[in-house]
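Analysis of the macromolecular model
So the chains spell out like this:
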Amino acid sequence: MFDLSCPVQKCISESRRTLADSVFGIAIFNPRSLFVMLMVALAGCATTDRTPVLAPPVDVPAYVWRQVDRDISTATLAARGPAENYARGFMANWKGRVHQRTEADFIPWFTSYWTQQWLTVKAAWYKLGAGEEMDPAIKQLANYLQAQYDKRVLDPVAREVDPDVVRVKATTLYIQLLGEQLQGIPRRYGIPPDRFGRRIKNIQAIALAPPVAQSASLYEIVYADPVARLPAFAALIDEVRKEARGAAAGTSVAGVSPVAERVSEKLMAKLAVSGGASAAAAAVGGMAGIVISFGAAGFGAIAHEIDRPEMEAQLRKELNTALDDMWHSLMEDPDIGVMGGVNHIAERIEMSVADKVANPAGVQPVLRDEPIPAEPFLLDEEGIR
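A short note on the packing of aromatic side chains
In this structure the tally under the stated criterion is 7 aromatic pairs. Relative to tyrosine 223, the ring of tyrosine 219 has its centre 5.2 Å away and its plane inclined at 45°; by these criteria the two rings are tilted. Linking tyrosine 219 with tyrosine 223, this pair stays in helix 8 (residues 218-223), spanning 4 residues, or about one helical turn. Assigned by exposure class, tyrosine 219 and tyrosine 223 land together as buried. Linked through ring pairs, Phe106, Trp109, Phe110 and Tyr149 together constitute an aromatic cluster. Taking NZ or CZ as reference, lysine 122 lies 4.5 Å from the ring centre of tyrosine 144, over its face.

Below, the structure is given as structure tokens:
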């Protein structure tokens, strides 16, 4: 049985009735004429429903957009947690390796008898060059000790776990997870992808002040492939790295600078009160050797070994404190730590979304209408380091 609700079947039925009337209405029945009439009728039915029907544009109420903005804000928090856990795990590994190398290399090197003798000679040279002023000599010796700490501890550890690389990877992971969170929002509210794409183009994610003056929208960072090649992203990472190194100069973030200065002050104090260090005088010789001999600290190897455990314990305590300060700055500082890039992006998104929620009727910039890609980018390990 035919379903008469179908337009074609209905048309066939009507054609049959029309043809039947025609057949009974004439005296002579012509099969060929009947076939032609039937084909014409069916052709008319087949072309009736070919007119395209355009779907009306979806009207998204203002309250739905406000909820979308709140969901975007929630997505930033959801993505931040795993990124922070990722960074914290790597930085815990970094801290452990720094501690191991400090114990195995730097402390034994620094507290050895011959290193102390060499440092005494260097202190004397620095003091000789500085004249009556003590501070320049102390800073020179502290810089030397910091360079040794970098060479023996921080640089080898960075070849295994580099905080700068952790910062890039944590920010990249955050952006990837944020993109995955954003995918479900338009489906949740029945918003066309292109409308949602225009919405997140108006949300700022990176905004760097002059002279850098780089910026990027939420749309750009989520759909860059890979994000490491996005100019604004590269500028953000570089800016955080520069700020971190600038803030580290002369502080515990750099390594052992405060410890090195205190050790240098002690060495200079010993230099001032001790007399006749033949090792320093012999190393330099001549008139300069005579001058150094009046200030260089000369300790015998036996006396040094007696005092060495106490020296190691004091140095270990100070270096552990410096390491705690370094780790705290790298992990917890919101601006220059390994989460600096994540915090910058999350704060800019929050500020932009909050402004939209507070001013729903605000005028939005006009952007070109581009379709949003089907899927966000996947994490690309290449180009991260």
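With respect to the pattern of salt bridges
Overall, the coordinates contain 19 salt bridges when judged by the stated rule. In this structure, the salt-bridge partner of arginine 80 is glutamate 84, at a minimum N-O distance of 2.7 Å. Of this pair, arginine 80 and glutamate 84 both sit in helix 3 (residues 62-111), separated by 4 residues, roughly a single helical turn. Since its relative accessible area comes to 23%, arginine 80 is described here as partly exposed. Taking relative accessible area as the criterion, glutamate 84 reaches 22% and is therefore assigned partly exposed. Linked through salt bridges whose partners overlap, the residues forming this network are Asp164, Arg167, Asp238, Arg241, Lys242 and Arg245.

Thoughts on helix 3
Here helix 3 spans 70 Å end to end across 50 residues, near enough to the 74 Å set by a 1.5 Å rise per residue. Along helix 3, the largest kink reaches about 45° and is centred on threonine 102.

Describing the packing of helix 3 against helix 6 (residues 163-189)
One way to put it is that helix 3 packs onto helix 6 with a least axis distance of 8 Å and a crossing angle of 155°. Taken together, the axes of helix 3 and helix 6 lie roughly antiparallel to each other. Judged by the sense of rotation from one axis to the other, the crossing of helix 3 with helix 6 is right-handed. When its residues are assigned to classes, the contact of helix 3 with helix 6 shows 23 nonpolar, 3 polar and 4 charged.

Details of unusual backbone geometry
Along the chain, proline 210 connects to proline 211 via a cis peptide bond; the corresponding omega equals 5°. Mapped onto the elements, proline 211 comes out in the loop between strand 1 (204-207) and strand 2 (215-217). You will see that alanine 213, though not glycine, has its phi angle at about 50°, which is positive. Considering the arrangement of structural elements, one finds alanine 213 in the loop between strand 1 and strand 2.

Reading the values: rules and limits
- Residues numbered from 1 in each chain as written.
- Predicted model: local features only at pLDDT ≥ 70, side-chain atom pairs only at ≥ 80, totals over all residues.
- Heavy atoms only, no water.
- Phe/Tyr/Trp six-rings, centres within 6.5 Å; stacked < 30°, edge-to-face > 60°.
- Helix = DSSP H or I, 4+ residues; strand = E, 2+ residues; numbered from the N terminus.
- Buried < 20%, exposed > 50% of the residue type's maximum accessible area, 1.4 Å probe, protein only.
- Lys NZ or Arg CZ within 6 Å of the ring centre and 35° of its normal.
- Salt bridge = Lys/Arg side-chain N within 4 Å of Asp/Glu carboxyl O.
- Expected span 1.5 Å × (residues − 1).
- Bend = angle between axes of the 7 residues up to and from the residue.
- Axes fitted to C-alpha atoms, helices over the stretch in contact; angles between N-to-C directions.
- Parallel < 35°, antiparallel > 145°, perpendicular 65-115°, else oblique.
- Left-handed = near helix turned anticlockwise from the far one by under 90°.
- Nonpolar A, V, L, I, M, F, W, Y, C, P; charged D, E, K, R; others polar.

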